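# Structural features, examined
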Protein chains: 8
Amino acid sequence: MDDHNYLEKILSEIEQGKISSKEGVEKLKYFSFEPIGDFAKIDHHRQLRTGFPEVIWSEGKTTEQIISIMQVMREKSPIVMATRLEPKIAKILQTQVHDLRYYPMAKIAAIGQNSVKYQGKILIVTAGTADLPVAEESAITAELCGFQVERLWDVGVAGIHRLLSHRHIIAEADVLIVVAGMEGALPSVVAGLASCPVIAVPTSIGYGASFGGLSALLTMLNSCATGIGVVNIDNGFGAAMLAGQILRLANKFSQS
Amino acid sequence: MDDHNYLEKILSEIEQGKISSKEGVEKLKYFSFEPIGDFAKIDHHRQLRTGFPEVIWSEGKTTEQIISIMQVMREKSPIVMATRLEPKIAKILQTQVHDLRYYPMAKIAAIGQNSVKYQGKILIVTAGTADLPVAEESAITAELCGFQVERLWDVGVAGIHRLLSHRHIIAEADVLIVVAGMEGALPSVVAGLASCPVIAVPTSIGYGASFGGLSALLTMLNSCATGIGVVNIDNGFGAAMLAGQILRLANKFSQS
Amino acid sequence: MDDHNYLEKILSEIEQGKISSKEGVEKLKYFSFEPIGDFAKIDHHRQLRTGFPEVIWSEGKTTEQIISIMQVMREKSPIVMATRLEPKIAKILQTQVHDLRYYPMAKIAAIGQNSVKYQGKILIVTAGTADLPVAEESAITAELCGFQVERLWDVGVAGIHRLLSHRHIIAEADVLIVVAGMEGALPSVVAGLASCPVIAVPTSIGYGASFGGLSALLTMLNSCATGIGVVNIDNGFGAAMLAGQILRLANKFSQS
Amino acid sequence: MDDHNYLEKILSEIEQGKISSKEGVEKLKYFSFEPIGDFAKIDHHRQLRTGFPEVIWSEGKTTEQIISIMQVMREKSPIVMATRLEPKIAKILQTQVHDLRYYPMAKIAAIGQNSVKYQGKILIVTAGTADLPVAEESAITAELCGFQVERLWDVGVAGIHRLLSHRHIIAEADVLIVVAGMEGALPSVVAGLASCPVIAVPTSIGYGASFGGLSALLTMLNSCATGIGVVNIDNGFGAAMLAGQILRLANKFSQS
Amino acid sequence: MDDHNYLEKILSEIEQGKISSKEGVEKLKYFSFEPIGDFAKIDHHRQLRTGFPEVIWSEGKTTEQIISIMQVMREKSPIVMATRLEPKIAKILQTQVHDLRYYPMAKIAAIGQNSVKYQGKILIVTAGTADLPVAEESAITAELCGFQVERLWDVGVAGIHRLLSHRHIIAEADVLIVVAGMEGALPSVVAGLASCPVIAVPTSIGYGASFGGLSALLTMLNSCATGIGVVNIDNGFGAAMLAGQILRLANKFSQS
Amino acid sequence: MDDHNYLEKILSEIEQGKISSKEGVEKLKYFSFEPIGDFAKIDHHRQLRTGFPEVIWSEGKTTEQIISIMQVMREKSPIVMATRLEPKIAKILQTQVHDLRYYPMAKIAAIGQNSVKYQGKILIVTAGTADLPVAEESAITAELCGFQVERLWDVGVAGIHRLLSHRHIIAEADVLIVVAGMEGALPSVVAGLASCPVIAVPTSIGYGASFGGLSALLTMLNSCATGIGVVNIDNGFGAAMLAGQILRLANKFSQS
Amino acid sequence: MDDHNYLEKILSEIEQGKISSKEGVEKLKYFSFEPIGDFAKIDHHRQLRTGFPEVIWSEGKTTEQIISIMQVMREKSPIVMATRLEPKIAKILQTQVHDLRYYPMAKIAAIGQNSVKYQGKILIVTAGTADLPVAEESAITAELCGFQVERLWDVGVAGIHRLLSHRHIIAEADVLIVVAGMEGALPSVVAGLASCPVIAVPTSIGYGASFGGLSALLTMLNSCATGIGVVNIDNGFGAAMLAGQILRLANKFSQS
Amino acid sequence: MDDHNYLEKILSEIEQGKISSKEGVEKLKYFSFEPIGDFAKIDHHRQLRTGFPEVIWSEGKTTEQIISIMQVMREKSPIVMATRLEPKIAKILQTQVHDLRYYPMAKIAAIGQNSVKYQGKILIVTAGTADLPVAEESAITAELCGFQVERLWDVGVAGIHRLLSHRHIIAEADVLIVVAGMEGALPSVVAGLASCPVIAVPTSIGYGASFGGLSALLTMLNSCATGIGVVNIDNGFGAAMLAGQILRLANKFSQS
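Reading the values: the criteria
Residues numbered from 1 in each chain as written. Chains lettered and ligands numbered in written order. Predicted model: local features only at pLDDT ≥ 70, side-chain atom pairs only at ≥ 80, totals over all residues. Heavy atoms only, no water. Helix = DSSP H or I, 4+ residues; strand = E, 2+ residues; numbered from the N terminus. Buried < 20%, exposed > 50% of the residue type's maximum accessible area, 1.4 Å probe, protein only. Contact = heavy atoms within 4.5 Å. Axes fitted to C-alpha atoms, helices over the stretch in contact; angles between N-to-C directions. Parallel < 35°, antiparallel > 145°, perpendicular 65-115°, else oblique. Left-handed = near helix turned anticlockwise from the far one by under 90°. Nonpolar A, V, L, I, M, F, W, Y, C, P; charged D, E, K, R; others polar. Domains from an automatic or database assignment. Buried area = accessible area lost by both parts, 1.4 Å probe. Salt bridge = Lys/Arg side-chain N within 4 Å of Asp/Glu carboxyl O. Pairing = 2+ DSSP bridges. Least-squares fit on C-alpha atoms with pLDDT ≥ 70 in both. Right-handed = clockwise from strand over helix to strand, strands pointing away. Disulfide = S-S within 2.5 Å. Polar contact = N/O pair within 3.5 Å; in protein donor to acceptor, adjacent residues only side chain to side chain. Phe/Tyr/Trp six-rings, centres within 6.5 Å; stacked < 30°, edge-to-face > 60°. Lys NZ or Arg CZ within 6 Å of the ring centre and 35° of its normal.

All names here are of chain F. Position of E13 among the secondary structure elements: in helix α1 (residues 3–15). Taking the relative accessible area as the measure of exposure, E13 reaches 15% and is therefore buried. Ignoring any residue separated from it by four or fewer positions in sequence, one finds E13 in contact with K18 and I19.

Bringing the packing of helix α9 (residues 214–221) of chain A against helix α9 (residues 214–221) of chain F into the picture now. The N-to-C vectors of α9 of chain A and α9 of chain F enclose an angle of 125°; their axes lie 9 Å apart at closest approach. In terms of their interaxial angle, α9 of chain A and α9 of chain F are classed as oblique. Of the two possible hands of crossing, α9 of chain A and α9 of chain F adopt the one that is left-handed. Residue-level contacts link S215, L218 and T219 of chain A of α9 of chain A to S215, L218 and T219 of chain F of α9 of chain F. Considering only residue class, the contact of α9 of chain A with α9 of chain F consists of two nonpolar, four polar and no charged.

Moving on to the domain arrangement of chain A. By convention, interface size is frequently given as the accessible area that disappears when the constituent parts associate. All names here are of chain A. Assigned domains of chain A: these are domain 1 (30–112) and domain 2 (121–255). Listed per partner, the contact involves 16 residues of domain 1 and 16 residues of domain 2. Between domain 1 and domain 2, the buried area comes to about 1300 Å², and carbon and sulfur atoms account for 73% of it. Interface area lost by domain 1 to domain 2 is led by F52, R84 and M105, which between them contribute 41%. At the boundary of domain 1 and domain 2, one finds one salt bridge.

What follows deals with unusual backbone geometry. A positive phi is found at R84 of chain D, a non-glycine position, where the angle reads about 55°. On the secondary structure map, R84 of chain D appears in the loop between β2 (79–83) and α5 (87–96). Notably, D154 of chain F is not glycine yet its phi reads approximately 65°, a positive angle. By secondary structure assignment, the location of D154 of chain F is in the loop between β6 (148–152) and α6 (160–164).

Take the sheet that holds strand β3 (residues 101–103) of chain B next. Two pairing modes exist for strands in a sheet, parallel and antiparallel, and in both the strands are linked by backbone hydrogen bonds. Residues and elements named next belong to chain B. Strands sit in the order β1-β2-β4-β3 across an open sheet of four strands; the sheet is mixed. Strands at the two margins of the open sheet, each flanked by one partner only, are β1 (54–57) and β3. Ignoring which end each strand starts from, the neighbouring axes of this sheet average 20° apart. Bridging between β3 and strand β4 (residues 108–112) involves three bridges; their strand directions are antiparallel. When the sheet's bridge partners are listed, R101 is paired in β4 with A110. In the packing of helix α4 (residues 63–76) onto the sheet, the strands contacted are β1, β2 (79–83) and β4, and the crossing angle to β1 comes to about 170°.

Across the contact, 43 residues belong to chain F and 45 residues belong to chain G. Approximately 3500 Å² of surface area, both sides summed, lies buried where chain F meets chain G, with 61% of it carried by carbon and sulfur atoms. Joining chain F to chain G, the criterion identifies two salt bridges. With a shortest N-O distance of 3.9 Å, K252 of chain G and D174 of chain F are connected by a salt bridge. Going through the elements one at a time, α2 (21–50), α8 (186–193), α9, β9 (228–230) and α10 (236–255) of chain F are the ones with two or more residues in the side of chain F that touches chain G. Sorting elements by how many residues they give to the side of chain F that touches chain G places α10 of chain F first, with 13 residues. Here the side of chain F that touches chain G is built from residues that sort into 22 nonpolar, 13 polar and eight charged.

Looking now at the relation of the copies chain G and chain E. It takes a turn of 179° to lay chain G on chain E, together with a shift of 0.1 Å along the axis; the resulting RMSD is 0.5 Å. Expressed as an axis order, the relation between the two copies is that of a two-fold axis. When C-alpha distances to the rotation axis are compared across chain G, the minimum falls at A185 of chain G, with a value of 2.7 Å.

On to the environment of V149 of chain E. All names here are of chain E. With respect to the helices and strands, the residue V149 is situated in strand β6 (residues 148–152). What makes V149 buried here is its relative accessible area of 17%. Along the chain, V149 and M220 lie 71 residues apart, while their C-alpha atoms are 22 Å from each other.

Below, the discussion takes up the pairing of strand β8 (residues 198–202) of chain H. All names here are of chain H. Here β8 lies mainly inside the structure; five of its five residues are buried. As paired strands, strand β7 (residues 175–180) and β8 are joined by five bridges and run parallel to one another. The partner of L176 across the bridge, within β8, is V198. Once the chain exits β8 it traverses helix α10 (residues 214–221) before rejoining the sheet at strand β9 (residues 228–230), and the crossover so formed is right-handed.

The next point concerns the state of the cysteines. Scanning all chains against the criterion turns up zero disulfides over all chains. We note that C196 of chain F lacks a disulfide partner, and the nearest cysteine sulfur, in C145 of chain G, lies 16 Å from it.

What follows concerns the relation of the copies chain F and chain G. Under the fitted operation, chain F is carried onto chain G by 0.3 Å of movement along the axis and a turn of 177°, and the coordinates agree to an RMSD of 2.8 Å. Looking at the interface residues of chain F, 98% of them are also at the interface in chain G, so both copies use one shared face.

Residues and elements named next belong to chain D. Sheet architecture is open: four strands sit in the order β1-β2-β4-β3, paired in mixed fashion. Each end of this open sheet is capped by a strand with a single partner; those strands are β1 (54–57) and β3 (101–103). Mean inter-strand twist for the sheet, computed between neighbouring axes without regard to direction, equals 20°. With four bridges joining them, β2 and strand β4 (residues 108–112) adopt antiparallel strand pairing. Across the sheet, the residue bridging to V80 is I111, located in β4.

It is worth spelling out the interface of chain G and chain E at this point. The partner chain E presents 23 residues to the 23 residues of chain G that form the contact. Of the roughly 1900 Å² buried at the junction of chain G and chain E (both faces included), carbon and sulfur atoms supply 70%. Counting across the chain G and chain E interface gives zero salt bridges. Linking chain G with chain E are 15 residue pairs in polar contact (both at pLDDT 80 or more), by the criterion used here. Mapped by element, the contributors of at least two residues to the side of chain G that touches chain E are α7 (160–164), α9 (186–193) and α10 (214–221) of chain G. Class assignment for the residues of the side of chain G that touches chain E results in 15 nonpolar, seven polar and one charged.

All told, the structure shown has 30 aromatic pairs over all chains when counted by the stated rule. Taking the centre distance of 4.4 Å and the plane angle of 10° together, the rings of Y118 of chain E and F147 of chain E count as stacked. Of this pair, Y118 of chain E sits in the loop between β4 (108–112) and β5 (121–126) while F147 of chain E sits in the loop between α6 (132–144) and β6, and the two are 29 residues apart along the sequence. The exposure classification of Y118 of chain E matches that of F147 of chain E, with both residues buried. For the pair F52 of chain F and F147 of chain F, a centre-to-centre distance of 5.9 Å together with 70° between the ring planes defines the contact as edge-to-face. Here F147 of chain F lies in the loop between α5 (132–144) and β6 and F52 of chain F lies in the loop between α2 and β1 (54–57), a separation of 95 residues in the sequence. Taking relative accessible area as the criterion, F52 of chain F reaches 6% and is therefore assigned buried. The ring of Y207 of chain H carries R84 of chain D above its face, with NZ or CZ at 4.1 Å from the centroid.

Structure (structure tokens):
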């Protein structure tokens with residue numbers, strides 16, 4: 001029942017003397033705040049509907065804060081995850097939070113399981129070995145969200161044959177996440193081989209004029225290949241969420 | 001004669017004893033170049049399969065170059081478009097290129113029609129009036145590619161009610177392109193209201209510390225909302241292409 | 001009558017049979033959008049209550065657009081102003097918009113008068129002659145909003161006596177707007193002499209390592225003096241609006 | 001002997017014929033030092049008049065220096081505070097400085113009480129949990145200066161309903177301090193909902209392209225909302241001082 | 001009546017019994033303005049004492065403003081100069097300002113003669129031909145201030161012998177102004193050959209990664225040679241003024 | 001024999017009457033002027049020996065200056081060239097400088113012929129059509145210096161097959177100059193395919209976050225491929241000179 | 001069995017009637033992967049042909065990873081090296097990797113010997129003592145690749161005679177690697193003295209406005225001397241590889 | 001007499017038997033090594049003549065290196081100093097280097113005494129307490145070089161009276177070194193009060209948008225006051241050396 005129908009129903013009940021105007025005010029008081037509660041619900045629904053985990057960004061939070069947020073969240077959500085969690089903190093958490101799993105490369109901790117399984121495959125490609133932690137943040141996030149992930153590591157552009165020998169895997173992906181530091185040229189080349197959406201993740205890997213990932217970021221933004229969306233430096237999590245949104249849309253289409 | 005046929009022919013000639021296996025090796029050594037043609041075909045197929053127009057980036061090209069590229073492209077593709085085309089040049093083109101349409105706000109010229117029509121809707125949202133040219137570059141590109149576009153102009157975050165009063169439109173979009181200059185905060189707010197992929201386009205609108213769009217770009221990259229992919233400053237075309245790739249994927253899923 | 005009372009009144013009228021539920025829905029339909037309409041009203045009220053003019057930022061708008069927006073706005077507001085309006089455009093506007101005044105130094109055009117007059121004085125201080133256009137943008141904006149403005153021009157820090165000889169004027173100001181390009185050091189010194197809020201406006205005046213006002217901007221942000229708020233480079237308008245908000249608050253207090 | 005007494009003495013000697021007026025001129029030429037003492041006094045008066053605490057910026061000072069400055073200041077002022085004081089140093093200080101209070105989140109130490117209580121309320125709003133230390137620096141500073149502070153934490157723009165559900169609190173504030181890292185979009189949205197002066201504080205919270213708070217800073221400077229003054233990255237203290245100046249002005253108006 | 005006369009008048013009235021010392025104190029309390037006049041005088045004296053010309057920075061001033069400032073200044077000073085004056089404006093000025101000389105390369109206009117002649121020589125050295133305008137701004141400024149200037153053009157570091165073949169001239173200079181764009185390496189090499197103060201002037205000559213003179217500026221600031229002071233990009237005038245101050249000091253010493 | 005011994009020998013021979021003082025002067029003339037004259041000579045010899053043309057950088061020079069420098073240079077060198085020469089100026093030059101050829105795409109003018117022909121081939125590769133002017137500056141420079149140049153245009157990484165289909169040409173090059181704007185990724189890929197020195201030239205082609213070539217420059221500096229030397233943005237000339245030096249060395253080796 | 005053999009085998013089988021041409025097509029369809037293997041071989045051949053060592057960039061790799069990569073590489077290559085290896089890790093490696101040598105200044109570890117010895121000499125020049133680690137990374141890399149290296153340390157431009165007194169060494173070099181931090185001016189001067197290719201290596205040595213090597217980098221890119229290729233900040237390894245490529249080319253020419 | 005004539009004269013004298021070849025060598029030794037030895041000598045003489053200490057920049061040098069350089073230098077120079085020496089290293093040095101003094105605030109170590117005493121006074125002024133280490137580096141360097149130093153600490157522009165009350169000290173200085181972090185505005189104000197050369201030293205003191213001293217540096221470069229030379233961020237040593245050069249010149253003039 002939408003807002004309009006609800007309003008009609010309440011007013012009709014008053015008219016018919018089923019409820020008093022006072023009771024109506026009480027019911028519609030709620031209604032007047034509704035658009036906000038509505039937003040909140042949308043927000044909540046969105047979480048539930050997507051089945052995406054509740055997520056805690058651990059940076060700048062104390063261990064105590066993380067624990068208590070996790071406890072609250074696990075009540076509401078079948079799956080809870082925390083990103084950017086240092087191994088030391090993870091060790092402490094594991095002694096206090098029941099059933100906590102920790103993925104050290106991705107620096108992600110998780111509780112619970114995701115029951116939703118989406119159709120479609122996210123292929124995650126990295127330029128170098130040093131980009132792995134960011135790529136794994138993407139991979140684990142996507143898997144915890146219910147997506148199938150394929151990993152293609154260490155296929156940087158300086159030895160283009162490494163990439164080309166996997167071009168069929170690239171051609172078959174539904175969404176691509178391409179992770180690269182240093183000059184960050186990989187997404188341009190990959191996007192030229194692919195015919196699906198490409199998410200580019202610059203990493204802070206490099207030295208000197210890489211300026212903490214700025215070089216890779218600019219490369220990706222200036223790509224002459226089309227169909228590329230860029231996320232923040234080292235934001236493996238964000239790339240996975242965008243990939244997830246894309247596949248969720250595709251799943252919605254396939255079900256309609 | 002394509003690669004496959006050539007290979008068949010050579011092997012058949014060996015089988016029939018017309019040439020020796022050694023001669024065959026010699027001829028097929030050359031054949032190792034083949035996969036390149038293969039790539040070219042993939043590339044070509046991609047164009048055909050997607051039905052996306054052939055595109056000319058007009059900047060830094062002479063009028064003569066644009067005309068001759070258009071003539072060649074129209075042979076191969078039912079639809080050809082040129083972006084970043086100044087009105088003055090467009091006027092000249094229209095006297096020389098048959099059936100050329102020009103979209104002045106978007107600075108796009110096009111020939112032919114796209115026969116493919118995709119399911120799903122791209123909602124393009126702008127923060128201010130001055131962002132319109134970039135938004136129209138997105139809109140016209142998407143429409144020429146065969147997508148349905150809805151426009152929601154001038155709903156910047158400083159008067160949040162303007163945006164909120166259209167939240168149902170946002171909630172119903174399949175892909176969102178959010179265009180904003182100055183502080184570029186709109187994508188963060190929109191992504192919080194939406195549950196679909198969001199493409200953020202920073203524009204160079206602003207002055208002083210906007211530094212030609214850098215401010216809006218950084219805002220979008222640092223968004224605390226998830227599910228956002230960012231393209232280059234003023235890259236309305238690129239945003240449309242990414243949106244197109246996302247919807248094409250969804251259409252593919254819906255057809256499978 | 002506030003929202004709650006209005007709701008009670010309508011529902012009571014239905015209960016009493018004064019109006020039908022259908023009429024109630026009609027009346028409350030408006031009410032159901034209320035939270036948005038409410039924002040809109042707040043927004044509108046804010047404009048009315050403050051008596052601040054309706055403002056058009058002219059950059060990136062065509063002459064036609066500016067004219068039609070002005071025509072619409074003058075219906076709603078006793079005073080309408082347009083900023084960043086080039087003299088050439090102003091000349092055209094004056095032939096088509098009735099009673100339009102133009103302030104060439106400030107590049108502001110205005111229609112109508114502000115009837116509100118606020119208590120308190122805004123002192124605008126500039127470092128150099130070249131900063132005048134930005135300072136005048138502040139001054140005219142503030143005057144059009146109903147504030148008293150005093151101007152203190154050309155008292156840059158390199159000849160500190162020029163500033164000191166006016167320290168009583170500074171001490172007596174209610175709000176200070178300090179406008180400076182090049183090294184932008186004036187706000188720091190002025191804030192040390194004043195005991196009222198200081199708004200610092202960096203200008204793009206300078207060359208070489210002033211980097212279009214960046215130097216002045218950084219200086220002002222890093223000021224070791226307290227009580228300074230900084231606005232964007234060349235944003236004389238914004239400084240006046242902040243000064244206006246501060247004095248409006250003070251006027252509200254003085255009336256309560 | 002202070003300037004005033006010295007002037008009296010010289011003039012008295014002339015009156016008594018002890019020195020000639022010419023000798024007096026000679027001596028009072030030297031008297032040009034006077035205004036300096038005057039400035040110093042103004043400065044001192046300002047401190048006393050405002051009742052604002054004497055403040056020590058602890059960074060780059062040794063524990064010994066901080067202690068001895070505190071001891072001197074407490075003689076002159078009923079309230080002394082030190083900002084940016086690390087917990088370790090605070091512990092040492094507490095063993096040596098009588099009656100020292102420490103606010104760990106705000107990293108502020110204070111001695112004494114502020115007897116002045118100002119009318120009006122400062123509402124401090126933060127985008128995320130990680131912005132709390134900066135926000136608390138603002139809050140504690142404002143409270144130590146004698147202002148009422150209300151806190152509204154964790155209402156970032158990505159979930160706009162969180163902010164909107166508190167819009168009445170925002171509408172009722174007399175001065176707003178809005179604290180945000182990452183994309184720093186919160187002040188734009190808040191300023192659109194408020195009708196009072198807004199002070200924007202960018203924080204260094206974020207990673208990658210946040211470049212230590214630069215992203216949030218640029219966002220705030222480029223805000224399309226009006227009535228916003230920006231302070232340095234992480235400068236919670238400065239924001240509180242500006243808010244204080246604004247409310248002091250309003251209090252002065254209300255008393256006049 | 002100036003401050004000095006006023007002071008004499010008051011003291012004389014006390015001496016004469018016309019007013020009491022108490023009345024005098026009252027009147028001279030106001031006299032605390034005095035030092036300001038004093039500063040102004042100091043400032044004026046400085047100008048007179050140094051014999052340096054009164055200078056007008058022409059950028060951002062109208063032709064009318066420049067003319068009227070020149071007229072006023074020529075009353076007070078035997079020599080008046082205007083920098084950064086475009087040839088077009090100079091032509092107009094010459095029709096209206098009596099006896100105006102124009103130095104087109106330096107973009108300086110001047111009236112009158114400097115009677116002071118300082119001992120010592122300023123050697124101005126440039127890296128390339130394109131740096132000449134900045135170097136000439138230095139040279140003409142210094143000459144108008146009464147200094148002897150020697151010019152050494154086009155001795156950039158890429159052909160070090162050109163510089164070395166003039167090393168005796170460098171060794172004999174009293175002050176060096178070294179002007180260079182592009183990589184800006186010349187001051188480092190020159191300072192190694194000289195035993196006098198070196199003033200380094202980066203120019204905006206270059207392209208690409210010279211970023212408008214930033215490259216040359218950074219080079220000069222990071223010089224591993226000692227005894228170098230750097231001025232703003234293209235600030236030939238400022239370099240001459242610093243050189244002038246240095247030689248004025250040396251002349252003062254030689255006369256004492 | 002070192003300088004000291006040589007000097008002793010000559011002087012001893014004079015003392016012994018073996019040679020006259022005049023002959024000694026002749027022998028030591030070389031010795032005496034050596035350090036400076038030598039450099040000059042080396043410099044001159046270098047020019048002659050390499051057969052590289054005398055070069056004039058036209059930016060910031062008047063037409064008259066260019067003409068007179070050309071006249072002087074043609075006396076000394078069989079070939080003279082001027083870079084960055086606008087077509088308008090070239091037209092004027094052609095009326096006044098005998099036998100001047102102009103290459104409009106490269107913006108190079110030249111007089112005379114280079115008689116030296118070097119062994120080896122420079123392959124110049126560009127990413128896009130808009131990079132042609134920079135590439136042609138390289139090509140014409142190299143040809144005027146006596147090198148064989150092969151051009152491979154428009155093989156950007158977004159369509160990698162275009163590049164791969166020419167990999168034998170790349171493999172056969174002796175030196176590679178790779179010219180690219182926008183994301184500037186081409187040199188990384190090319191260097192991976194080549195086994196010769198690679199010179200990377202970033203161009204200012206692009207918009208938005210390309211920041212005038214900065215993006216391409218950083219990409220090239222951060223390349224994970226080895227054997228790449230980078231020159232300034234748009235510095236086609238410099239790339240050709242470095243390629244020339246490399247091939248001259250190789251020619252020297254092949255002749256020894 | 002390599003690709004070539006596989007092709008021969010299939011064709012031979014067809015010739016011999018063992019399989020049909022149709023079966024052959026099926027098997028060789030797979031063969032279209034071939035060129036990839038081809039690339040891989042090219043890559044491998046390049047390594048073998050050049051005799052350059054297999055190289056591991058140690059940053060961001062665990063000790064275990066480095067060890068296992070080394071073990072694998074030593075199977076394939078007579079010489080293996082790892083760069084950017086911290087002394088602590090080196091100590092551990094030496095206990096586990098047989099015959100590992102460590103060069104502490106260069107932070108390079110190596111196994112095995114290079115049997116190739118190239119003709120020609122690389123001269124490595126540094127501006128200051130603090131640039132030594134980067135220079136040694138170049139030197140050791142070059143030596144391990146089979147090149148002769150000469151070192152010229154501490155000849156910065158501020159004392160130009162130090163450099164000039166070695167000008168004969170510079171004149172005799174075949175390739176120059178010039179390493180400098182701070183203002184980075186040395187390559188410009190050296191290139192002016194040399195007539196061979198110059199590779200410039202900016203270092204991060206410096207403070208303040210050196211911005212981690214940015215100053216030196218910009219200087220080198222903007223050099224007015226020709227024949228200079230620049231590598232990334234602190235990239236001694238890359239400079240050696242480029243120098244190696246240049247000399248390998250020269251050796252190839254000398255052998256042809 | 002130029003070099004050529006001198007050479008003829010010496011050789012002629014040998015020929016005529018007036019001097020022996022050995023005497024000629026002696027005379028021409030000076031002549032022969034001149035171009036290089038001369039520079040070296042000039043360099044050495046410069047050191048001796050100025051009496052400036054030999055200086056070691058300790059950063060990036062091992063304790064052993066510093067000790068051995070000190071030992072060598074103390075042979076040649078009555079006074080040796082090392083800058084940027086951490087207390088820990090200083091402690092070790094004091095056990096091994098005889099008579100070493102350490103100035104902890106300035107982080108300078110020194111051996112020996114400077115016998116030269118120059119006329120004139122360097123006034124060093126700082127904005128804040130945190131700028132002291134840089135100011136002391138200046139002060140101790142200048143004192144070790146034989147100059148009189150006066151210190152004026154903590155007179156930042158936010159409390160301008162603190163500075164003004166010392167304006168006579170400023171007016172009497174011969175050279176001013178002004179040290180400031182944060183907004184770095186002090187040199188502009190001081191230069192307006194002074195009539196002597198001003199050396200501005202930006203410090204890295206500050207946070208947020210001070211960007212490690214960049215803000216203060218830009219402020220100083222953009223100063224609208226004249227007669228200011230700027231040195232690198234935190235370069236107290238360099239400022240003292242420039243001040244020393246200026247005073248040495250003045251002393252030279254006073255002695256001539």
